[in-house]
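Coordinate analysis (summary)
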Amino acid sequence: MSVGFDPIEVEPNGKGGYNFNKWELLELSIVSVPANPGATVFARAFGKDGRVLAAAHADTLVRAHRRIGAARQDLADVLQAAGHPPGDDGDGYDPEAEELSFDAARIKRARAAALLSLDCVHVGPAAKPSAPPRELRGGSWLTAHVREQEAARLRKFWSLPV
Amino acid sequence: MTCCGFVARDGDAYIWGDGEQYLNGRPMTESIERVAASPGRLAAVATGHSSLCDRVRRLVAGLGLASLSGAIARLPAHLRQACAEERAHCRAIGARYEVDLACGLIGLCDSEMRGVVFAEAAGFEPREASAWLSPDVGGALPATAQEVLAVAQRQLQFVRARHYPGATGRTLTVARVGRTGIASRSVPLMIGDERAA
């Protein structure tokens, strides 16, 4: 199982670790190779206390997950045949809409992080503008300035007298 | 219509542009990269015909280590030539040519960060500006990349309201230009509920 979350409230637990009292879930998925080699899978759905599954039983969990998906699709087909619009399973809950909003929140976070990193990257500070302020010099100043500079560059290139 | 612009500040500058292309008044599926950079630490963004925007990108990249002064001296002639060729091409295929190319360029000039706008409507005469927004939606000028995103979203809402209701802006490229280099990020311009707002 892979879990990704943003900690909101964290406190040390006195055993060298931390207790995450409040957190926001970002990602939850079944993975074939766990980061923790001692990880076990509990089948909470089959008993009150849970049952430890061997690695071979993880496939059963995956198959069950697929069957749930197929059952949801069957239910959606029946509801659609009965006149309900797609995505409406009777209780107003739309899993596709929730998934989309979940993805949107995640993309927004990634976007904010990317833009923040742009502000933090070092591009070298430019010198402060010299007086007078550029607005007072107007647009024609730059054109005249450029022409002078280019003329000087060409004179230097062709070794012409100034 | 491209959502783009720049703001040159004391110390550094931001320049941005969306990636949407339009065909017959509708957004296309392909996106385009509009922010161009040169090895001489100049950055430019263009709005207009996509082929001309692409030409501007190649022109700016081909400036090599030219300074802002050198770029201002060379670009107008190149831009005029590019537009003349595009106009001839449109005439040959019987298409209508619209005079709408505009290009914003930022870089260092005498150690100061400066911005210049070349507009086809003004014959590509360089016009110095500390900020340029296309379309101009007014409001406060951005001081951070996040504020650039907010300005670009305002621009896109303007485009959606006035020109193309189906515009999404696709990818927004934001570049930050400083004395020693250029950094850029590409992010989605509008996500989920932002489009509905």
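Here's a quick rundown of the structure. Computed from a predicted structure; not experimentally measured.

Residue and element names in this part refer to chain B. Strand order across the open sheet formed by five strands is E5-E6-E7-E8-E9, with antiparallel pairing between neighbours. This sheet does not close on itself; its edge strands, each paired only once, are strand E5 (35–37) and strand E9 (127–128). Bridging between strand E6 (residues 43–47) and strand E7 (residues 102–109) involves five bridges; their strand directions are antiparallel. In the strand pairing of E7, threonine 47 is matched with alanine 102. Relative to E6, helix H1 (residues 50–61) is tilted by about 165°, and along the sheet it contacts E5, E6 and E7. Most of the contacts of helix H2 (residues 68–93) go to E7, to which it runs at about 160°, and overall it touches E7 and strand E8 (112–119).

With 18 residues, helix H3 (residues 145–162) of chain B extends 26 Å between its outermost C-alpha atoms, agreeing within 8% with the 26 Å of an ideal straight helix rising 1.5 Å per residue. Within H3 of chain B, burial applies to Ala145, Val148, Leu149, Val151, Ala152, Gln153, Gln155, Leu156 and Val159 of chain B.

Residue and element names in this part refer to chain B. Close contact between H1 and H2 brings their axes to 11 Å; oriented N to C, the two are set at 150°. By the angle class used here, H1 and H2 are roughly antiparallel. Two packed elements cross with a definite hand, and for H1 against H2 that hand is right-handed. On H2, the residues that touch Ser51, Leu52, Arg55 and Leu59 of H1 are Leu75, His78, Ala82, Cys83 and Glu86. Its residues assigned to classes, the contact of H1 with H2 shows five nonpolar, two polar and two charged.

Residue and element names in this part refer to chain B. In space, the five strands of this open sheet follow the order E10-E1-E2-E11-E12, with antiparallel pairing throughout. Each edge of the sheet is formed by a strand with only one pairing partner; in this case those strands are strand E10 (131–134) and strand E12 (182–188). Taken over all neighbouring pairs, the strand axes of this sheet differ in orientation by 10° on average, direction set aside. Across seven bridges, strand E11 (residues 171–177) lies against E12 in antiparallel orientation. What sits directly across from valine 174, in E12, is arginine 185. Packed onto the sheet, H3 meets strand E2 (13–17), E10 and E11 and runs at close to 140° relative to E11.

Cut-off values and rules
Residues numbered from 1 in each chain as written. Chains lettered and ligands numbered in written order. Predicted model: local features only at pLDDT ≥ 70, side-chain atom pairs only at ≥ 80, totals over all residues. Pairing = 2+ DSSP bridges. Helix = DSSP H or I, 4+ residues; strand = E, 2+ residues; numbered from the N terminus. Contact = placed C-beta atoms within 7 Å. Axes fitted to C-alpha atoms, helices over the stretch in contact; angles between N-to-C directions. Expected span 1.5 Å × (residues − 1). Buried ≥ 20, exposed ≤ 12 C-beta atoms within 10 Å, placed from the backbone. Parallel < 35°, antiparallel > 145°, perpendicular 65-115°, else oblique. Left-handed = near helix turned anticlockwise from the far one by under 90°. Nonpolar A, V, L, I, M, F, W, Y, C, P; charged D, E, K, R; others polar.

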